[in-house]
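Okay, here's what each chain looks like letter by letter:
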Amino acid sequence: MEIFLQFLSILQRVFCCANVLVVLKLNIEIDISKLDSLLELAIRNSVLAGDPFSENVGIVLLEDDFATHQLQILGSRSNISDTHESDGIRSLTFTMSMEWPLSLIIDKFSITKYQMIFRHLFYIKYCSFTLSRLWQNVFKTHARCSDPNSRNTYCLIITVINKMLHFLNNFEYFIQCDVINPNWNILMYQIANAESFNDLISRHNDFLDKTLKDCMLTHAKLVEGFSSIINLCYTFSNVFDEFLGAHDTLEFRQCVKRYHDLLVENVSSFIFLVYGKGGDHFEHNMITLVERLDFNNFYSETRLNSASPVQSSTTLDS
C-alpha cells in the first residue's frame, strides 16, 4: 500500500502537466508508450527510485470509466455514465506484474481491487487540481473586472469552486487518513503475527475488502451518488475554464447558478445516504465524514427545507 500511495502521488504530478492533460482529455488514440516513458522518468526522480518493485508498475487505459466499471461489478443496472464519454483521465489506472511467490498473495483479483481504490483517489485528485487551477484563473479575472454584474458572477463561481473543493478535499482526507492508514496498520500487525501462508493471504484479502467497503465502493447507490458529484465537478472545471470571461451574459450567470443548485442538491442527497447507513451498514464510523462535509448544517437544512415525498424515498436498501 505504501508503494501504491507513492505511485498515486507520482501519477498526480505526471498527469497534471498541461500537455499530458490535453491528450488524456481528448477521445483520441493515446500512445501508452509515451505515458510509460513519463512514468519511468518520474519514478527515477522520486522516492520510488530504489524500490525493488517499481519496475513492475505500469499504466493501462480501461474501456469503461470508473463509475461504469464499478457499477457493473456490483451488478447494478443503473449507468450514470451514459451521458459522459470516457476519456483518458477517467479510464487511466495502473497495473502490476508480480512474480512467484508474491503472485499468490497479490493476484489479479487483488490488483483489480487496488485499481478500484486507485481510480477512485486519482479522479478525486485530478478534479481537485483542475478546480484549484480554475479558482486561480477566476480570481485573476475577477480582480481585473470593474462591472458589478460580472463581479457577482465571478463571486458565485468562486463559491461553487469552494464548495466542490471542500467536498473533494474532505472525502480524500477521509479515504487516506480515516480508512486506508488505519486498515494498513492493522494489516501490518496481522502480518507480523500470521501463523501460516494461508493466514497471510486471508488477512490481505480482508484488508482489501474492508478498505473497499469503508471507501463506499461496495454499495451501488453510494457509488452513483458520489459519481454524480465528482462528474459535476469534472464538467464544471472543464466548461468554465474554457469559456471564462467569454460569456458574461444573463444566460451564463443562470448556468452558474444551476451548477450551484445542482451541487447542493447532490451533496445533500449523498450526505443523507451516508448518514442513514453509516451506523449499521458499514464497519467504519462515517459520522466524522458527515460532520466535516456538513459542519455548519448547511446541507442538512437545505435538504430539510426542500424535502418532498419523492426525495424522502431516496434511501439505501438494507
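Here the structure is a predicted model, which means the values were calculated and not measured. (Residues numbered from 1 in each chain as written. Predicted model: local features only at pLDDT ≥ 70, side-chain atom pairs only at ≥ 80, totals over all residues. Heavy atoms only, no water.)

### Some thoughts on the side chain of Ser128
For clarity, the threshold we go by: For the purposes of this entry, the term helix denotes a DSSP run of H or I that reaches at least four residues, the term strand denotes a run of E that reaches at least two, and both are numbered from the N terminus. Three exposure classes are used, based on accessible area relative to the maximum for each residue type with a 1.4 Å probe and protein chains only: buried under 20%, partly exposed in between, and exposed over 50%. Contacts are assigned to residue pairs that have any heavy atoms within 4.5 Å of one another.
Tracing the sequence through the fold places Ser128 in helix 6 (residues 108-144). Exposure remark for Ser128: the relative accessible area of 8% places this residue in the buried category. Once residues lying within four places of it in the same chain are set aside, the contact partners of Ser128 are Leu165, Leu168 and Asn169.

### As for the packing of aromatic side chains
Formally: Here a pair means two rings of Phe, Tyr or Trp (six-membered ring of Trp) with centres within 6.5 Å. Their orientation is stacked below 30 degrees between planes, edge-to-face above 60, and tilted elsewhere. We count a charge as sitting over a ring when the NZ of a lysine or the CZ of an arginine lies within 6 Å of the ring centre and within 35 degrees of the ring normal.
All chains considered together, the criterion is met by 13 aromatic pairs. For the ring pair Phe167 and Phe171, a centre distance of 5.7 Å and an interplane angle of 25° mean the geometry is stacked. Remark: Phe171 and Phe167 occur in helix 7 (residues 148-192); sequence separation between them is 4 residues, near one turn of the helix. Here Phe167 and Phe171 have matching classes, each one buried. Each ring, one from Phe171 and one from Phe270, has its centre 5.9 Å from the other, and the planes form 55°; the classification is tilted. Of this pair, Phe171 sits in helix 7 while Phe270 sits in helix 10 (residues 250-277), and the two are 99 residues apart along the sequence. Members of the aromatic cluster, connected to one another through ring pairs, are Phe167, Phe171, Phe174, Phe226 and Phe270. Residue placement shows Lys163 over the ring face of Phe298; its charged tip is 5.2 Å from the ring centre.

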